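Close look at the chain arrangement
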Amino acid sequence: MTDTDSACAGCALPRAYCCCDEVTTTTAPVRFVLLLHENEPGRLSNTSRLIKRLLPNTEVFIWQRKEPPAALLDMLKNDQFQPWLLFPADRPELQPRARAFAQDDDKTPLIIVPDGTWKEVRKIVRKSPWLEGLPLLALNPSTTTRYKLRRNPDEDHLCTAETVAEILRLAQAPVQAEELDNLLDRFLSHYHAWQHHLPPPDKD
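Throughout what follows, the structure given in this document is the object of discussion. Note that the coordinates shown come from a computational prediction; the quantities given were computed from them, not determined experimentally.

Analysis parameters
- Along each chain, numbering runs from 1 in the same order as the chain's sequence is written.
- With the structure being a predicted model, the display of local features is reserved for residues of pLDDT at least 70 and the display and counting of side-chain atom pairs for 80 or more, all residues being used for whole-chain, interface and lining totals.
- Derived side-chain values reflect all non-hydrogen atoms in the structure, with water molecules and hydrogen atoms excluded from consideration.
- Pairing of aromatic rings covers Phe, Tyr and Trp, the last through its six-membered ring, and needs centres within 6.5 Å; plane angles under 30 degrees mean stacked, over 60 mean edge-to-face, and all others mean tilted.
- Secondary structure elements follow DSSP: runs of H or I no shorter than four residues count as helices, runs of E no shorter than two count as strands, and numbering proceeds from the N terminus.
- Relative accessibility under 20% of the residue-type maximum defines a buried residue, over 50% an exposed one, and the middle range a partly exposed one, all with a 1.4 Å probe and only protein chains included.
- Note on contacts: a residue pair qualifies if any of its non-hydrogen atoms lie within 4.5 Å across the two residues.
- At least two DSSP bridges between two strands are required for those strands to pair.
- Think of each axis as a best-fit line through the C-alpha atoms, taken over the contacting stretch in the case of a helix, with angles from 0 to 180 degrees between the N-to-C directions.

**Some remarks on the packing of aromatic side chains**
We describe a pair of aromatic rings using the distance from one ring centre to the other and the angle between the two ring planes. Per the counting criterion, the structure on display carries four aromatic pairs. An angle of 45° between the planes, with centres 5.5 Å apart, marks the rings of tryptophan 84 and phenylalanine 101 as tilted. One end of the pair, tryptophan 84, is in strand β3 (residues 81-86); the other, phenylalanine 101, is in the loop between β3 and β4 (108-115), with 17 residues separating them in the sequence. Accessibility expressed as a relative area gives 18% for phenylalanine 101, which makes it buried. A centroid spacing of 5.8 Å and a plane angle of 20° characterise the contact between phenylalanine 87 and tryptophan 118, whose relative ring orientation is stacked. Residue phenylalanine 87 is located in the loop between β3 and β4, and its partner tryptophan 118 is located in helix α3 (residues 118-126); the two are separated by 31 residues in the primary sequence. An aromatic cluster of three or more residues is present, and its members are Phe187, Tyr191 and Trp194.

Rendered as structure tokens:
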């Protein structure tokens, strides 16, 4: 896409292929923080935009190794939140931090979701000492990814939108999870049509 002025502000697809124009914004019993690698906003295949479109109270920060987001640090110190880091405890040194999701009645779960390629996400976690004290929310999804927009996708690793939908189900928000799943499916079909110069899918 060369004409950035014609891009949808919600999904970043060309407006003729927009997948989110009929989305109704909603809320959830959890708050999400999307911590994007600096390369991620420029990728049209990014699915964090869909989360922000559906759940507008989602916070989005660009990760920088030497300058952690001050607003996010403030959120981590705020007693109204129960922070979690979404990252698999797949290494021995991380396993003690793994916790099953449990919601504190007096606090709102704050789920920090690193976003980027798998290599970039590992770098974010490894190079962010201010995330070291957070419990790890390691998902074990029963389904494989349907996201095929990047090279050699690992079927054991869900894309960001799929992961957030799984968390919404854990947080007893199945309606919001289904809405996000549906939005992702529309995004994938519209992206495919745009990429292959096909007519935009029916939006009805």
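**Re α3**
The set of residues buried in α3 consists of Glu120, Val121, Arg122, Ile124 and Val125. Where α3 is buried, its residues touch β1 (31-36), β3 and β4.

**Focus on the sheet that holds strand β5 (residues 136-137)**
If you trace the five strands from one edge of the open sheet to the other, you get β2-β1-β4-β3-β5, paired in parallel fashion. Of all strands in the sheet, those with a lone pairing partner are β2 (59-62) and β5, marking the two edges. Running over the sheet, α3 touches β1, β3 and β4 and is turned about 125° from β4.

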